[in-house]
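A structural walkthrough
So the chains spell out like this:
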Amino acid sequence: MRSTQRNTALLVAAWLNALFGVVLTVGGLWLIAAGGSWYYALAGVALLFTAVLLFRREVFALWLYALLVFGTVLWALWEVGLDWWPLAARGDVLFLLGLFMLTPWVTRPLRRRARTASSTGAPRWIGMPLMLSLLVFLGVGVASWFVDPHRIEGELPAARAQLAGDAQQVPPGEWHAYGRGNHGQRYSPLAQITPQNVSRLEVAWHYETGDMRGRAGDPVETTFEVTPLKIGERLYLCTPHQSVVALDATTGEEIWRYDPQIRDELALQHLTCRGLSYYDPAKVAPLGEGHTDPGQGSADAAVPESRAADVAGADRERTAAAALLQALKLPVAAQDKTTIDQCTAKLFMPTADGRIIALDPDDGAVCTNFGGGSGQINLWANMPFARPGGYYSTSPVVVTQSLIIVGGTVLDNVSTEEPSGVIRAYDVNTGELVWNWDPGNPDSTEPLEPGQTYTPSVPNSWSISSVDESLGMVYVPMGNQPPDQWGGERNAAAAPYGSAVVALDLKTGQVRWHFQTVHHDLWDYDVPAQPSLIDLTIGEQTIPALVQPTKQGELFVLDRRNGEPILPVTEQPYPQGAAQGDRTAPTQPVSALSFDPAPLTGASMWGATLFDQLACRIAFHQLRYEGRYTPPSTEGTLVYPGNFGVFNWGGIAVDPERQIAFVTPTQLAFVSRLIPREDDTTLYVQGGERPQDSLPALNENFGAPFAVQLSAFTSVLGLPCQAPPWGYVAGADLTTGKVAWMHKNGTVRDSSPVPLPFRMGVPNLGGPIVTAGGVAFLSSTLDYYLRAYDVTTGDELWKGRLPAGGQATPMTYTGSDGRQYVVAVAGGHGSLGTKAGDDVIAYVLPEE
C-alpha cells in the first residue's frame, strides 16, 4: 500500500513538472517572439527534463530541479531585487513543488532506484541540493519581507508661517465647504487630536442614511462620496439618491430630511453627490484685503446694476426655464416657505436631473425667495442636446458673497453631440444668471437670450472649483471635449482650455489666465481635483500659490495671480503617432514636483503565480507602450498612469502653516484600444442591442471614427498585471518641491478571496485631510478603514474598521461638548467593487 502511495506521489510530481514545463516552454517561446525574457522558456525546458527524469526514477531529477530553483532566485534578484511581492510571484509555484518533491513519497522511490542502478548505492540524502536551494529561496524571501525598496523616509518641516486668522472666515470648529473653505485646503486648525493620543479614538455615534445603492435603474457607478458640512451645531450631507439630511453634530441624531424627487430613468453614467454648498450672509467678503492684482480690481462685486435692473430679461429667462422644466418633465421643488424673508442663509444641492435647489439650513424647506419663486435653478436652460441625466453637477457648487458658480459632468465617450461644458455664475440671492463662460465662445460672457444655446461638446468641469475673493478669481479644473481618446475634430476655440486650470474673473466671467496640464489630451487626463490655494514663503517673498493635482501625477505649483509656475515646469518630448485623422502634441508639461511613476518594463509585470505573470508579460509586449503619453491605437495602448488617476476628485490636503502637502498617489495601468466605426448606430463595445434612452452607450463615441475599449490592465485572475504597490501616502514640501517621505498604504483584506492583512499598497479614491494637531486622516483605500497618520513622518498611527468602503473625504469639527470629532462616510463605490453602505460614523477621544 505504501509502495503504491510512493509511486503515485512520484507520478504526480512527474506530471506536474511536465505540465508546468509545457506551459512555460510554449508561453516562454511566445514571450521571446514578442521581445521578452528568455527565462520562462529555459525554465520550461528544465521542468520538462525534470519530468523525464522523474518518470525514469532518476535521482538527478532532484538535482536538476535544485539548479532550476537556485537559478530562479538569481534571476529574480537580478530583475527586482529584494522586493517581496515580485519575488513571491516568480518563485511561489517552484518553491511549493520543490517542497512536495522532498517528501518521502517522492524521494524513497528515487533512492531505491539509485541503489539498484549503482553498486555503490544511493547518496545518503539525495534531496540535500534541493533542500539547500529551497533554503536559499526562503532566506531571500524572509530578507525581502523586512526590506521595502519603495519606501522613502524623512520628515516634513514644522510650521513656517503664522496665520493671522482664518482668511476664509470659517470658525475653527466648523467645516463650511467641500475643502472646509473655498481655498480647498482640507486643513483644520483643530489640535486636540495629536500623534500622541490619536490611538485612543473611539466611535462617538453611527448614523445610517437608509440610502443604499442597488435600486432598479442605478448605474454601476452609484457612489456615496459626500463630505459633510458642519455649520453651527449641525452636520449637513447629501446621499447618492439626492436626499439632504441634517444631523446633530454631537449626537448624530437626525434633525430633518429633504427629498428633491428626482426623475426616474435618467441617462446616468454616475449617480453621486459629493457635497452641499453653504451661503452665509453674515460673512464679510474680504474684498480689497490680502493679495492684490493691479488693474483687475479686487473683488467678486455685486451683480452689475444694468443686469439687476433688467427685469424684463429676467422674466423672459424664468419663463423659458419653466417651459424647459416642463418639457424635460423635471419636478418642481416643494414650496415649503410661506414667506421669503426667512431664508437668508442657504444650502445649495445639485441634483442628478440638472437642478440646483436652495434650502433653508434651519428646517430643510425650499427657499422661495430664490429662483423666481421656485427655489431652484434649471441647469438645462440654453443647453444643447438636452437629455435628462446627460448633464448635472456631481460636485458641490462654488459659493461666494454674491455668486454661486456651477460646472457639470457630461457622459464620457457616448457621442460627439453632448451638452456644453459652460461655467455659469448665478446671483446667490435670486438665482438669476449673471454671466456664462462658454469654452467654445470664451470672449463673450454675457448671459444668453432665450432660444440661444451654448457650444456643444466643449470641455466641462465636473470637479470642484476654488475661489480667492481677494483676487477676484475662481479657479476651475477642466476636462476634455468628448470623445476622450480621439481629438481630430475638437473645437479650436475651446482646445486651449481642455485639461487646464482656468482662472475666471468673478465679476465678468472673463478668462484671467489659464494653464494647460496636458496638451491635446488623448488619455482622459481631465484635471480631476479641486485646486488648493495656499500662500508660500519662497526666499523672503510670500507668494499666493495654487497647487493643482493631476491624473498623470504632476503637482503644478503656480502663482494664482497670473498662472506662472512657482516650482519649475518644463516641456518634455513624448511619443508621437496618433490614430488616423488625429495628432499628438510634441511636448507635455512636467512639474518639478511629480508623482509620475517609473515607466513599466517586462520585469514590472506581476501575478499570483509564475503563469499569470508570464501571461501579463506577453500582454505587455503585445500592447503599444513607449512610456507616458503613448497615443491610443487600434492594436491597444498601455496607458500608465491610467485614467483612474494618480490623483482624482479627492485631491490633496495642504497645511498653510507648514506649507506642505499630504497626498495619496495611486499607480494603476489601463488599456485603451480604438475600434474603427463604420456607422453611427452599431454598438462596437457594448454588445447586444443598443441601450434604451435611459442607459448611455458608454465608449461608443457615436459620430467619431472610433469607439474605444477601456479596461484596467489585469491578469486572467483579475489581478493588476503590474507589481504592487499600487497606492501610497506621501508628504511633500511645497516650497522646494521635495518629497520628504512616501509609504505604501492599505491592504487587500477586503478585495481578495483570502482576507490577507499584508500592507501591499492599494489604490484609493477619495481625499485626505490634515489638522493643526499634526495628524492626517484618510478613509478611501480599498480596504475598509479610517486611518490616521503622523503628518511629519507619514507613519500610520491608528485605524478604525469601517462597515463598507470609505470612498469619500473625511472631515473634522468641534462638538457642543468642546471635543474634536472626526467623521468618515462609508458607502462603497460601485465601479471599484467595494461594499455598499449608508454609514456616517463620528470618532472622538474619550472624555477625561
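Just so it is clear, the model here is predicted, and its values are computed rather than measured.

Things to note about the state of the cysteines
Taken as a whole, this structure holds three disulfides when the rule is applied. Here Cys616 connects covalently by a disulfide to Cys721, the sulfurs 2.0 Å from one another. Sign of the S-S torsion, about -70 degrees for the bond between Cys616 and Cys721, identifies this disulfide as left-handed. Note that Cys616 is positioned in helix H9 (residues 610-622) and Cys721 in the loop between strand S32 (706-712) and strand S33 (728-733), a separation of 105 residues in sequence. Of the two residues, Cys616 and Cys721, both sit in the buried class. Numbered in order of appearance, the disulfide-bonded cysteines of the protein are paired 1-2, 3-4, 5-6.

A short note on the sheet that holds strand S29 (residues 653-655)
Overall, antiparallel pairing links the four strands, which are arranged S29-S30-S33-S34 in an open sheet. In the strand order of this sheet, the two ends are held by S29 and strand S34 (738-744), each with one partner. Looking at each pair of strands side by side, their axes are set apart by 15 degrees on average, direction ignored. The pairing of strand S30 (residues 660-663) with S33 spans four bridges and is antiparallel. Counted as the bridge partner of Val663 is Ala730 from S33.

Notes on H9
For an α-helix the count is 3.6 residues per turn, leaving residues at separations of three or four pointing the same way. Its 13 residues give H9 an end-to-end C-alpha distance of 19 Å, which sits within 8% of 18 Å, the value for a rise of 1.5 Å per residue. Listed as buried for H9 are Leu610, Asp612, Gln613, Leu614, Cys616, Arg617, Ile618 and Phe620. The opening residue of H9, the one whose side-chain oxygen lies 3.2 Å from the backbone nitrogen of Phe611, is Thr609.

Some details on the nonpolar core
Trp205, Phe777 and Tyr813 are the most contacted members of the largest nonpolar core, which totals 54 residues. Setting aside residues up to four positions removed in sequence, Phe777 forms contacts with Ile193, Val198, Leu201, Gly767, Pro768, Ile769, Thr771, Leu786, Arg787, Ala788, Pro810 and Val822. By size, the runner-up hydrophobic cluster in this structure holds 42 residues, among which are Val69, Phe95, Leu97 and Ile618.

Observations regarding the packing of aromatic side chains
This structure, assessed with the given rule, holds 28 aromatic pairs. On the basis of an interplanar angle of 5 degrees and a centroid distance of 3.8 Å, the ring pair of Tyr39 and Trp75 is categorised as stacked. One end of the pair, Tyr39, is in helix H2 (residues 39-55); the other, Trp75, is in helix H3 (residues 60-80), with 36 residues separating them in the sequence. Taken as a pair, Tyr39 and Trp75 share a single burial class, namely buried. Judged by centre distance (4.7 Å) and plane angle (75 degrees), the rings of Tyr574 and Tyr629 are edge-to-face.

Some words on the pairing of strand S7 (residues 254-258)
Sheet topology note: the strand S6 (residues 244-248)/S7 ladder contains four bridges and is antiparallel. Residue Ala246 lies in a different strand from S7, and its bridge partner there is Trp256. Taken together, S6 and the strand that follows it, S7, pair antiparallel across an intervening segment of five residues, in which Gly252 is found at a positive phi of about 80 degrees.

Overview of the pattern of salt bridges
All chains considered together, the criterion is met by 25 salt bridges. The shortest N-O distance in the salt bridge between Arg617 and Glu79 comes to 2.8 Å. With Arg617 in helix H9 and Glu79 in helix H3, the pair connects residues that are 538 residues apart, well separated along the chain. Neither residue differs from the other here; Arg617 and Glu79 are each classed as buried. The salt bridge involving Arg560 is made with Asp468; its shortest N-O contact spans 2.8 Å. Taken together, the residues span a long stretch of sequence, with Arg560 in the loop between strand S25 (555-559) and strand S26 (569-573) and Asp468 in strand S19 (residues 466-468) at a distance of 92 residues. Here Arg560 and Asp468 have matching classes, each one buried. Overlapping salt bridges bring together Arg759, Asp783, Arg787 and Glu796 as one network.

With respect to the pairing of strand S21 (residues 500-505)
Regular strands place their side chains on alternate faces of the sheet. The element S21 is extensively covered by neighbouring structure, given that six of its six residues are classed as buried. Burial along S21 is two-sided: the residues Ala500, Val502 and Leu504 and Val501, Ala503 and Asp505 are all buried. Where strand S20 (residues 473-477) lies against S21, five bridges are found, and the strand directions are antiparallel. Residue pairing in the sheet places Met473 in a bridge with Asp505 of S21. Alignment of S21 against strand S22 (residues 511-516), held across five bridges, turns out to be antiparallel. Counted as the bridge partner of Leu504 is Val511 from S22. Counting the residues between successive antiparallel strands, the hairpin from S21 to S22 contains five residues, one of them, Gly509, with a positive phi of roughly 80 degrees.

Here is what the cut-offs are and how they apply
- Residues numbered from 1 in each chain as written.
- Predicted model: local features only at pLDDT ≥ 70, side-chain atom pairs only at ≥ 80, totals over all residues.
- Heavy atoms only, no water.
- Disulfide = S-S within 2.5 Å.
- Helix = DSSP H or I, 4+ residues; strand = E, 2+ residues; numbered from the N terminus.
- Buried < 20%, exposed > 50% of the residue type's maximum accessible area, 1.4 Å probe, protein only.
- Pairing = 2+ DSSP bridges.
- Axes fitted to C-alpha atoms, helices over the stretch in contact; angles between N-to-C directions.
- Expected span 1.5 Å × (residues − 1).
- Polar contact = N/O pair within 3.5 Å; in protein donor to acceptor, adjacent residues only side chain to side chain.
- Core = buried A, V, L, I, M, F, W, Y, C linked by side-chain atoms within 4.5 Å.
- Contact = heavy atoms within 4.5 Å.
- Phe/Tyr/Trp six-rings, centres within 6.5 Å; stacked < 30°, edge-to-face > 60°.
- Salt bridge = Lys/Arg side-chain N within 4 Å of Asp/Glu carboxyl O.

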